[in-house]
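Descriptive analysis of the structure
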Amino acid sequence: MSLSPRILRRLEECADRYLELEGLLGDADTVRDQELFIKLSREYSGLQPIIESYRKYENLQAEIAELNELQNGTDDEIKNLAREMLADTQPKLDEACVQIETMLLPQDPDDAANVYLEIRAGTGGDEAGLFAADLVRMYEKYAAIKGWNAQLITFKPSTQGGCKEAIFRITGKDVFSRLKFESGAHRVQRVPITESQGRVHTSACTVAILPEVETVEEISLKPSELRIDTYRASGAGGQHVNKTDSAVRITHLPSGVVVECQDERSQHLNKERALSLLTSKLMNAEKQAKEQQRSDDRRLQIGSGDRSERIRTYNFPQGRLTDHRVNLTLYKLDEVMEGSLDQVIEPLIKEHQADLLRELHDETTESSYASL
C-alpha cells in the first residue's frame, strides 16, 4: 500500500507550512504578539503528529526500496534475509498509510465544542417518560466517567417519576466529538411498571446534541424577533422554587423555536444561558440543512441529527442494545445504562472515519481519471 499523489501533495504542503511555522515561532515579533504566538503554536502542534507520521512513511518507503534491491542480488542468504525483513516492514508501511489518511480527514470544526444535550419523551405515554429519565441518568453517569461537567438547565417531570424534557449543558474535553452520534430516536422495549399482564411495550425518546456557540454574535439575534418571558422556577430538586421569577423563556418568532432556562439563580444568568442555547439551536438547524444536502447520496447518515431517524433500540427483556446504523448488537445493556457508552460510541466513530476514508479515496480516483 502506498499513498496517492494527491495525499502526498497535501503532506508536502503540510511539511512546508510546518517549517514556515518553526521560523515564525522563533521570530521576536511573533513572540511579542501573544495572541498570534498562541494561534501559531496551536497550528504547529496540530501539524506535528502529521509530519512525524510522514517522516516515518518516507523512512519505511526508503527501507522497502533498499530491501527490494537486495532481493534482486545474487547472494541467496542476503536475499532470504531481505525477504523476511520485507515481510515485517510492509505491514508497518500499510499501517502508516492508514494513520496518515486518518489524520488528513476533514475535521468537524465543532468537535472540541461543549454541547447542549436535549432529551424528550416521545411515543409511549408514561413509559416514554420513565425511559427519558433513564437516559438522563445514563448520560449523567457517562459525563462523570469522562470527567465532564453536566449541568441540568431544564427539567420537566412527568408522572410516575419520569421526565417530559431535560436539557443539559455539558462541558469538557472533546465533548461534541464523542456525543454527536447520539442525536436521533432512541427506542425502548420492556415491560412497563404499569403493565399488569407482563406484556412488552415499545416506547421512544428523542435525543439532540447541539454544539454550544461560543459567542452570541456568531448569528444575528434581533431583539424585535425575540419574545422573552419570565416565570418562577419549578425544576427538579426544589431549589429556589417559587421564590423569584428567575426562570426565562425565549421565543424566536421567525422560526418558532422556544428555549427555557431555570437552573441559574438569577434572571440575568438564565437569560444569558437561554440566548446561548437559542443560538446553538438556530445554527444547528442551519448546519443540518447544509448537511442534509451533502449527505443525501451517502450510504450512512451518522450524526446527521435527524431526530426522526431510529438510531438505537434498548431491549430490556433480552439485555440487548442494538445500534441500527452500524449493525452493532451488545448484550451489555446494564453496563450501558450505567454510563459505559464508549463501547457503543467507538464503533460509530470508526465507521464514520471509514466512511470519510472511502470518500477520500473516491475523490482521489476521480481526480486521477480527470487528469487522464
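Reference entry: report on the structure contained in this document. (Residues numbered from 1 in each chain as written. Predicted model: local features only at pLDDT ≥ 70, side-chain atom pairs only at ≥ 80, totals over all residues. Heavy atoms only, no water.)

Re the overall build of the protein chain
In terms of helices and strands, the protein chain carries nine helices and 11 strands. For the protein chain, the residues scored as buried account for 42% of the 372 residues in total. Across the protein chain, the fraction of contacts at a sequence separation of at least 24, relative to all contacts at a separation of at least 6, is 62%. Carbon and sulfur atoms make up 49% of the accessible area of the protein chain, which totals about 20100 Å². (Helix = DSSP H or I, 4+ residues; strand = E, 2+ residues; numbered from the N terminus. Buried < 20%, exposed > 50% of the residue type's maximum accessible area, 1.4 Å probe, protein only. Contact = heavy atoms within 4.5 Å. Areas by Shrake-Rupley, 256 points an atom, 1.4 Å probe, with all protein chains shown as cover.)

A word on the pattern of salt bridges
Summed over the entire model, instances satisfying the criterion amount to 25 salt bridges. Here Lys-180 and Asp-111 are joined by a salt bridge, their closest N and O atoms 2.8 Å apart. You can see Lys-180 sitting in the loop between α6 (175-179) and β4 (184-190) and its partner Asp-111 sitting in the loop between α4 (76-103) and β1 (115-121), a full 69 residues away along the chain. Salt-bridge contacts for Asp-323 lead to Arg-325; the nearest nitrogen and oxygen are separated by 2.8 Å. (Salt bridge = Lys/Arg side-chain N within 4 Å of Asp/Glu carboxyl O.)

Quick look at the packing of helix α1 (residues 5-25) against helix α3 (residues 34-71)
The interhelical angle for the contact between α1 and α3, taken along N-to-C directions, is 135°, at an axis separation of 9 Å. The angle between the axes of α1 and α3 places the two elements in the oblique class. Note that α1 runs across α3; the crossing there is left-handed. For the pair α1 and α3, contact is made by Leu-8, Leu-11, Glu-12, Cys-14, Ala-15, Arg-17, Tyr-18, Leu-21, Glu-22, Leu-24 and Leu-25 and by Phe-37, Leu-40, Ser-41, Glu-43, Tyr-44, Leu-47, Gln-48, Ile-50, Ile-51, Tyr-54, Arg-55 and Tyr-57, respectively. Tallied by class, residues from the contact of α1 with α3 come to 16 nonpolar, two polar and five charged. (Axes fitted to C-alpha atoms, helices over the stretch in contact; angles between N-to-C directions. Parallel < 35°, antiparallel > 145°, perpendicular 65-115°, else oblique. Left-handed = near helix turned anticlockwise from the far one by under 90°. Nonpolar A, V, L, I, M, F, W, Y, C, P; charged D, E, K, R; others polar.)

Side note on the side chain of Glu-127
Here Glu-127 shows up in helix α5 (residues 126-146). Classification of Glu-127 by relative accessible area gives buried; the value is 6%. Once you skip the residues sitting within four places of it in the chain, Glu-127 turns out to touch Val-188, Arg-190, Pro-192 and Ser-203.

Details of the packing of aromatic side chains
With the rule as written, the count across this model stands at three aromatic pairs. Seen in terms of ring centroids, Phe-131 and Tyr-314 are 5.2 Å apart; in terms of plane orientation they differ by 65°. Their pairing is edge-to-face. Residue Phe-131 is found in helix α5, and its partner Tyr-314 is found in strand β9 (residues 310-315); the two are separated by 183 residues along the sequence. Judged on exposure class, the residue Phe-131 and its partner Tyr-314 are both buried. Residues Tyr-142 and Trp-148 carry aromatic rings whose centres are separated by 5.5 Å and whose planes lie at 90° to one another, so their mutual orientation is edge-to-face. The aromatic ring of Tyr-231 is capped on one face by Arg-249, whose charged end is 4.5 Å from the ring centroid. (Phe/Tyr/Trp six-rings, centres within 6.5 Å; stacked < 30°, edge-to-face > 60°. Lys NZ or Arg CZ within 6 Å of the ring centre and 35° of its normal.)

Here we look at the nonpolar core
The biggest cluster of nonpolar side chains holds 39 residues, and the ones touching the most others in it are Leu-135, Leu-179 and Tyr-314. Of all the elements in the fold, those that place two or more residues in this core are β1, α5, β3 (163-171), α6, β5 (201-211), β11 (328-330), α8 (333-337) and α9 (342-370). The dominant element in this core, judged by the number of residues it contributes, is α5, at nine residues. Sequence-distant contacts of Leu-179, defined by excluding residues within four places in its chain, comprise Val-115, Leu-117, Tyr-142, Trp-148, Ile-170 and Ile-209. Listed in part, the 25 residues of the second largest apolar core include Ile-7, Tyr-18, Ile-50 and Leu-60. (Core = buried A, V, L, I, M, F, W, Y, C linked by side-chain atoms within 4.5 Å.)

Examining the pairing of β4
Of all seven residues that make up β4, six are buried, and the element is covered over most of its length. Across five bridges, β4 lies against β9 in parallel orientation. Bridge pairing in β9 links Val-188 to Tyr-314. (Pairing = 2+ DSSP bridges.)

Examining the sheet that holds strand β8 (residues 257-261)
Here three strands make up an open sheet; going across it, the order is β6-β7-β8 and the pairing antiparallel. At either end of the open sheet lies a strand with only one pairing partner, and these are β6 (226-231) and β8. Across the sheet, the mean angle from the axis of one strand to that of its neighbour is 15°, orientation sign disregarded. Bridging between β6 and strand β7 (residues 247-252) involves six bridges; their strand directions are antiparallel. If you follow Tyr-231 over to β7, its bridge partner there is Ala-247.

A word on the environment of Ala-185
For Ala-185, the position within the fold is in strand β4. The sequence separation of Ala-185 and Thr-206 amounts to 21 residues, and the corresponding C-alpha distance is 4.5 Å.

Overview of the pairing of β1
Consecutive residues of a regular strand have side chains that alternate between opposite faces of the sheet. Burial runs high along β1: five of the seven residues are buried. The pairing of β1 with β3 spans six bridges and is antiparallel. Paired with Tyr-116 across the bridge in β3 is Arg-169. Where β1 lies against β5, seven bridges are found, and the strand directions are antiparallel. If you follow Leu-117 over to β5, its bridge partner there is Ile-209.

With respect to the sheet that holds β3
On the basis of which strands lie adjacent, the open sheet formed by eight strands has the order β2-β3-β1-β5-β4-β9-β10-β11 and mixed pairing. The strands lining the two open edges of the sheet, one partner per strand, are β2 (149-157) and β11. Going across the sheet, the axis of each strand differs from the next one's by a mean of 15°, ignoring polarity. Packed on one face of the sheet, α5 meets β1, β2, β3, β4, β5 and β9 and runs near 115° to β4.

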